[in-house]
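# Working through the structure, step by step
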Amino acid sequence: MSLKLQTIICSTRPGRKGPSVAEWFSNHANEQGSFESELVDLADFNLPVFDEPNHPRMQKYEHAHTKAWSESVARADAYVFVIPEYNYCPPPSFVNALNYLYSEWNYKPCGFVSYGGVSGGLRSAQNAKQLVTTLKMMPMVEGVMVQMPWEHMDDAGKFQPAQPHSESATVMLEEMAKWAQALKAMR
(Lines give C-alpha, C1' and ligand atoms only; values in the text may rest on other atoms or scores of the structure.)
Protein backbone atom coordinates (compact mmCIF):
# COMPACT_ATOMS: atom_id res chain seq x y z
CA MET A 1 0.00 0.00 0.00
CA SER A 2 1.48 3.33 -1.01
CA LEU A 3 1.96 6.25 1.31
CA LYS A 4 -0.62 9.03 1.07
CA LEU A 5 0.62 12.60 0.68
CA GLN A 6 -1.48 15.71 0.76
CA THR A 7 -0.13 18.67 -1.18
CA ILE A 8 -1.95 21.53 0.55
CA ILE A 9 -2.49 24.94 -1.06
CA CYS A 10 -2.18 27.28 1.93
CA SER A 11 -3.08 30.65 0.43
CA THR A 12 -6.78 31.41 0.08
CA ARG A 13 -6.63 34.90 -1.39
CA PRO A 14 -7.87 35.82 -4.88
CA GLY A 15 -5.11 35.97 -7.48
CA ARG A 16 -2.85 33.55 -5.60
CA LYS A 17 -0.03 31.66 -7.33
CA GLY A 18 -0.24 28.67 -4.98
CA PRO A 19 -2.61 26.47 -7.01
CA SER A 20 -0.30 26.43 -10.02
CA VAL A 21 2.80 25.69 -7.92
CA ALA A 22 0.92 23.05 -5.92
CA GLU A 23 -0.43 21.33 -9.04
CA TRP A 24 3.12 21.02 -10.38
CA PHE A 25 4.40 19.65 -7.05
CA SER A 26 1.55 17.15 -6.64
CA ASN A 27 2.14 15.84 -10.18
CA HIS A 28 5.89 15.66 -9.51
CA ALA A 29 5.23 13.69 -6.31
CA ASN A 30 3.03 11.20 -8.15
CA GLU A 31 5.67 10.76 -10.85
CA GLN A 32 8.46 10.40 -8.27
CA GLY A 33 6.62 7.40 -6.88
CA SER A 34 7.19 7.44 -3.11
CA PHE A 35 3.69 8.77 -2.46
CA GLU A 36 0.23 8.94 -3.90
CA SER A 37 -0.36 12.69 -3.79
CA GLU A 38 -3.73 14.32 -3.35
CA LEU A 39 -4.10 18.04 -4.05
CA VAL A 40 -5.95 19.83 -1.23
CA ASP A 41 -7.01 23.49 -1.32
CA LEU A 42 -7.64 25.22 2.01
CA ALA A 43 -10.00 27.59 0.20
CA ASP A 44 -12.38 24.67 -0.44
CA PHE A 45 -12.97 24.19 3.29
CA ASN A 46 -14.01 27.78 4.07
CA LEU A 47 -12.65 27.55 7.59
CA PRO A 48 -13.63 30.62 9.61
CA VAL A 49 -11.30 31.82 12.34
CA PHE A 50 -11.14 28.88 14.76
CA ASP A 51 -14.67 28.48 16.11
CA GLU A 52 -14.85 25.12 17.87
CA PRO A 53 -15.84 25.25 21.57
CA ASN A 54 -13.71 22.23 22.53
CA HIS A 55 -9.95 21.85 22.37
CA PRO A 56 -8.93 20.04 19.15
CA ARG A 57 -7.20 17.30 21.16
CA MET A 58 -10.65 16.12 22.29
CA GLN A 59 -11.86 15.67 18.68
CA LYS A 60 -15.39 16.67 19.70
CA TYR A 61 -16.04 18.71 16.58
CA GLU A 62 -19.38 20.48 16.32
CA HIS A 63 -19.15 22.16 12.91
CA ALA A 64 -19.41 20.50 9.51
CA HIS A 65 -16.39 22.43 8.19
CA THR A 66 -14.23 21.06 11.02
CA LYS A 67 -15.44 17.51 10.50
CA ALA A 68 -14.70 17.73 6.78
CA TRP A 69 -11.24 19.18 7.45
CA SER A 70 -10.51 16.47 10.03
CA GLU A 71 -11.53 13.68 7.63
CA SER A 72 -9.31 15.13 4.91
CA VAL A 73 -6.22 15.55 7.09
CA ALA A 74 -6.62 12.13 8.73
CA ARG A 75 -6.34 10.40 5.31
CA ALA A 76 -2.68 11.35 4.82
CA ASP A 77 0.63 9.89 5.98
CA ALA A 78 2.51 13.11 5.14
CA TYR A 79 1.92 16.69 4.04
CA VAL A 80 3.55 19.24 1.81
CA PHE A 81 2.44 22.77 2.50
CA VAL A 82 2.63 25.08 -0.53
CA ILE A 83 3.06 28.28 1.35
CA PRO A 84 3.56 31.94 0.44
CA GLU A 85 5.20 34.53 2.63
CA TYR A 86 3.14 37.38 4.08
CA ASN A 87 5.18 39.87 6.13
CA TYR A 88 7.89 37.26 6.85
CA CYS A 89 5.23 34.82 8.10
CA PRO A 90 2.97 32.07 6.80
CA PRO A 91 -0.52 33.17 5.76
CA PRO A 92 -3.19 33.28 8.49
CA SER A 93 -5.17 30.62 6.60
CA PHE A 94 -2.32 28.13 7.21
CA VAL A 95 -2.06 28.90 10.94
CA ASN A 96 -5.83 28.73 11.35
CA ALA A 97 -6.09 25.40 9.49
CA LEU A 98 -3.39 23.85 11.66
CA ASN A 99 -5.03 25.07 14.85
CA TYR A 100 -8.36 23.40 14.03
CA LEU A 101 -6.91 19.92 14.58
CA TYR A 102 -4.39 18.16 16.75
CA SER A 103 -4.32 14.34 16.71
CA GLU A 104 -4.83 14.14 12.95
CA TRP A 105 -1.41 15.80 12.45
CA ASN A 106 0.53 13.79 15.02
CA TYR A 107 3.58 11.71 14.05
CA LYS A 108 3.57 12.60 10.37
CA PRO A 109 6.30 14.28 8.34
CA CYS A 110 5.75 17.51 6.49
CA GLY A 111 7.61 19.53 3.93
CA PHE A 112 7.35 23.00 2.51
CA VAL A 113 7.24 24.40 -0.98
CA SER A 114 7.64 28.08 -0.25
CA TYR A 115 7.24 30.91 -2.70
CA GLY A 116 7.49 34.66 -2.72
CA GLY A 117 9.77 37.49 -3.75
CA VAL A 118 13.53 37.38 -3.56
CA SER A 119 13.44 35.29 -0.35
CA GLY A 120 11.33 32.61 -2.03
CA GLY A 121 9.17 32.38 1.08
CA LEU A 122 11.97 30.90 3.20
CA ARG A 123 11.14 33.05 6.23
CA SER A 124 7.55 31.84 6.08
CA ALA A 125 8.65 28.21 5.93
CA GLN A 126 11.06 28.64 8.85
CA ASN A 127 8.34 30.23 10.95
CA ALA A 128 5.89 27.46 9.98
CA LYS A 129 8.34 24.74 11.02
CA GLN A 130 8.16 25.95 14.62
CA LEU A 131 4.39 25.70 14.60
CA VAL A 132 4.15 22.20 13.10
CA THR A 133 6.45 20.74 15.76
CA THR A 134 3.90 21.65 18.45
CA LEU A 135 1.47 19.39 16.59
CA LYS A 136 4.02 16.54 16.73
CA MET A 137 4.80 16.74 13.04
CA MET A 138 8.33 16.24 11.75
CA PRO A 139 9.31 19.07 9.39
CA MET A 140 11.85 18.21 6.74
CA VAL A 141 15.14 20.08 6.55
CA GLU A 142 14.89 19.76 2.78
CA GLY A 143 12.46 22.02 0.97
CA VAL A 144 11.59 23.67 -2.30
CA MET A 145 12.01 27.42 -2.63
CA VAL A 146 10.47 29.34 -5.52
CA GLN A 147 11.60 32.90 -6.02
CA MET A 148 9.28 35.12 -8.06
CA PRO A 149 6.85 32.35 -9.10
CA TRP A 150 5.10 34.73 -11.51
CA GLU A 151 8.27 34.62 -13.62
CA HIS A 152 7.89 30.82 -13.98
CA MET A 153 4.32 30.85 -15.31
CA ASP A 154 3.48 30.18 -18.94
CA ASP A 155 0.81 32.14 -20.82
CA ALA A 156 -1.90 29.87 -19.39
CA GLY A 157 -0.70 30.51 -15.80
CA LYS A 158 0.84 27.05 -15.41
CA PHE A 159 3.99 26.85 -13.27
CA GLN A 160 7.10 25.87 -15.24
CA PRO A 161 9.71 24.59 -12.78
CA ALA A 162 13.41 25.19 -13.23
CA GLN A 163 15.85 22.34 -12.63
CA PRO A 164 16.55 23.34 -8.99
CA HIS A 165 12.81 23.18 -8.21
CA SER A 166 12.47 19.64 -9.55
CA GLU A 167 15.69 18.42 -7.96
CA SER A 168 14.77 19.91 -4.57
CA ALA A 169 11.31 18.36 -4.77
CA THR A 170 12.74 14.90 -5.46
CA VAL A 171 15.22 15.09 -2.59
CA MET A 172 12.53 16.28 -0.17
CA LEU A 173 10.12 13.53 -1.23
CA GLU A 174 12.76 10.83 -0.80
CA GLU A 175 13.49 12.03 2.72
CA MET A 176 9.79 12.38 3.59
CA ALA A 177 9.13 8.80 2.51
CA LYS A 178 11.72 7.53 4.99
CA TRP A 179 10.13 9.52 7.80
CA ALA A 180 6.58 8.55 6.82
CA GLN A 181 7.48 4.85 6.95
CA ALA A 182 9.32 5.21 10.26
CA LEU A 183 6.57 7.24 11.93
CA LYS A 184 3.82 4.77 10.96
CA ALA A 185 4.78 2.67 13.98
CA MET A 186 4.14 5.62 16.29
CA ARG A 187 0.67 6.21 14.87
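Residues numbered from 1 in each chain as written. Predicted model: local features only at pLDDT ≥ 70, side-chain atom pairs only at ≥ 80, totals over all residues. Heavy atoms only, no water.

Under an unreviewed UniProt entry, the name given to the chain is NAD(P)H-dependent oxidoreductase, and the organism recorded is Marinobacter vinifirmus. You can read under Cofactor (unreviewed entry) in the UniProt record for the chain the words "FMN". (UniProt positions renumbered as here; feature names shortened; annotations may be inferred.)

### What about the nonpolar core?
Counting residues in each nonpolar core, the largest one holds 27 residues, and the members touching the most others are Trp69, Tyr79, Phe81, Phe94, Trp105, Phe112 and Met137. Elements represented by at least two residues in this core include exactly helix H2 (64–74), strand S3 (78–84), helix H3 (92–99), strand S4 (109–116) and helix H4 (122–133). Beyond its immediate stretch of four places on either side in the chain, Met137 contacts Tyr79, Phe81, Leu98, Trp105, Lys108, Cys110 and Val132. Core analysis: the second largest hydrophobic core is formed by 25 residues, Leu5, Ile9, Met153 and Met172 among them. (Core = buried A, V, L, I, M, F, W, Y, C linked by side-chain atoms within 4.5 Å. Buried < 20%, exposed > 50% of the residue type's maximum accessible area, 1.4 Å probe, protein only. Helix = DSSP H or I, 4+ residues; strand = E, 2+ residues; numbered from the N terminus. Contact = heavy atoms within 4.5 Å.)

### Considerations on the side chain of Ser20
You can see Ser20 is positioned in helix H1 (residues 18–32). Classification of Ser20 by relative accessible area gives buried; the value is 13%. Among the polar contacts listed, one links the side chain of Ser20 to the backbone oxygen of Gly157, at a separation of 2.9 Å. Of the polar contacts made by the side chain of Ser20, one reaches the backbone nitrogen of Phe159; its length is 2.6 Å. (Polar contact = N/O pair within 3.5 Å; in protein donor to acceptor, adjacent residues only side chain to side chain.)

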